[in-house]
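# Examining the three-dimensional arrangement
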Amino acid sequence: MNEAKRALITGITGQDGSYLAELLLAKGYAVHGVVRRTSNLVRSRIEHLRGDESIYGTRLFLHYGDLSDGTTLRRIFAQVQPAEVYHLAGQSHVGLSFEIPESTSEEVAMATLRLLEISRDHAQPLRFYHASSSEIFGAAAESPQTEETPLRPASPYGCAKAFATQLARVYRQAYGLFVCNGILYNHESARRGENFVTRKIARAAARISRGEESELVLGNTSTRRDWGHARDYVEAMWLMLQHDEPDDYVVATGESHSVQEFAEAAFAVVDLDCEKYVKHDQAFERPTEPCRLVGSSEKIERTLGWRPRSTFNELVREMVEAELAALREIGA
């Protein structure tokens, strides 16, 4: 029997990491994840996997490590000997990056450099996926954006991702490293963190419908994003590393929706008019907002055959229904 292909995921306890772990396990991989020493022992997004005795300890393994600790990361690489590396970890909240720009740059930019250096020195060739972001385009001069659109980040997070993205290209060209940049546009799910506006909206719609809250306070609701489902997007990550040649790909739906539209769709799930409950507060607005970020996934569709499965309304409904189910579970 052939040994299972080994994959190493940084950020395995996050939204994308948990979906990716499920996908790779379903494909027969042995999945290794890097988790922070300071992270909670109960890692909710992968708890169902950790609790499965047929998986945890046999095909799913967790390793303590920190993105700032190059020595420990090298030991993990040496121990795991991964065929594929998926680098998803790092401070990923754009608004928060204005408050903590230095740590954001350290986690997003310098951590990627460390991992690329470790991969370059690795004895066996490996394939490396870097989680880039639509935020590298920021104040984009064109819409929709493609892989050739110039980088014009408009936030510390975007700047750090732009650095890491360009660095990945340099390592591919200079050292022949098989590294792909997945330029992912906003992708959500019921596993999205509560500090993200989409989860905040879905949670508020559910709680207001049950009488647990009375209003939802948001910043600029005219801001538009290209929103897809995280479950679809992790499949794109995997496809990139299965291709013959490494490359960069925009992963997007090609549709643009405003925060207002997201709120309207969420409240419609519970048969409420969001206008009665949504309030505006400038304190929630960012110092700068990107221009109209909407991506063209024509290249990945043509080359890898990927396209999104979930629609915008299906995504919003799934998120709100998950919040309603959580409320029922706790008896609220």
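In case you missed it, the structure is sitting above this.
Residues numbered from 1 in each chain as written. Predicted model: local features only at pLDDT ≥ 70, side-chain atom pairs only at ≥ 80, totals over all residues. Heavy atoms only, no water.

Helix and strand content of the protein: eleven helices and 13 strands. If you line up the protein on its principal axes, its C-alpha atoms span 60 × 50 × 40 Å. When contacts within the protein are restricted to residue pairs at least 6 apart in sequence, those whose partners lie at least 24 apart make up 78%. In the form shown here, the protein has an accessible surface area of approximately 14,900 Å², with 47% of it arising from carbon and sulfur atoms. One finds the centroid of the 38 positive side-chain charges in the protein at a distance of 3 Å from the centroid of its 47 negative side-chain charges. (Helix = DSSP H or I, 4+ residues; strand = E, 2+ residues; numbered from the N terminus. Contact = heavy atoms within 4.5 Å. Areas by Shrake-Rupley, 256 points an atom, 1.4 Å probe, with all protein chains shown as cover. Lys, Arg positive; Asp, Glu negative; His and termini not counted. Charge placed at Lys NZ, Arg CZ, Asp CG, Glu CD.)

Given a rise of 1.5 Å per residue, twelve residues ought to cover 16 Å, and the 17 Å separating the end C-alpha atoms of helix H1 (residues 15–26) matches this to within 8%. Positive phi shows up at Gly-28, right after H1, with a value of about 90°. (Expected span 1.5 Å × (residues − 1).)

What follows concerns helix H8 (residues 230–242). When the terminal C-alpha atoms of H8 are compared, their 19 Å separation across 13 residues agrees well with the 18 Å that a helix rising 1.5 Å per residue should span. The buried count for H8 comes to ten of 13 residues, which makes it a mostly enclosed element. Within the sequence span of H8, burial applies to Ala-230, Asp-232, Tyr-233, Val-234, Ala-236, Met-237, Trp-238, Leu-239, Met-240 and Leu-241. (Buried < 20%, exposed > 50% of the residue type's maximum accessible area, 1.4 Å probe, protein only.)

Looking now at the pattern of salt bridges. Under the defined criterion, the tally for this structure stands at 23 salt bridges. Across the salt bridge formed by Glu-323 and Arg-199, the nearest N and O atoms sit 2.3 Å from each other. On the criterion of sequence distance, the pair formed by Glu-323 in helix H11 (residues 312–330) and Arg-199 in helix H7 (residues 197–209) is long-range, its members being 124 residues apart. For the pair formed by Glu-323 and Arg-199, the shared burial category is buried. (Salt bridge = Lys/Arg side-chain N within 4 Å of Asp/Glu carboxyl O.)

Treat this as a map of the structure, not an account of what it does.
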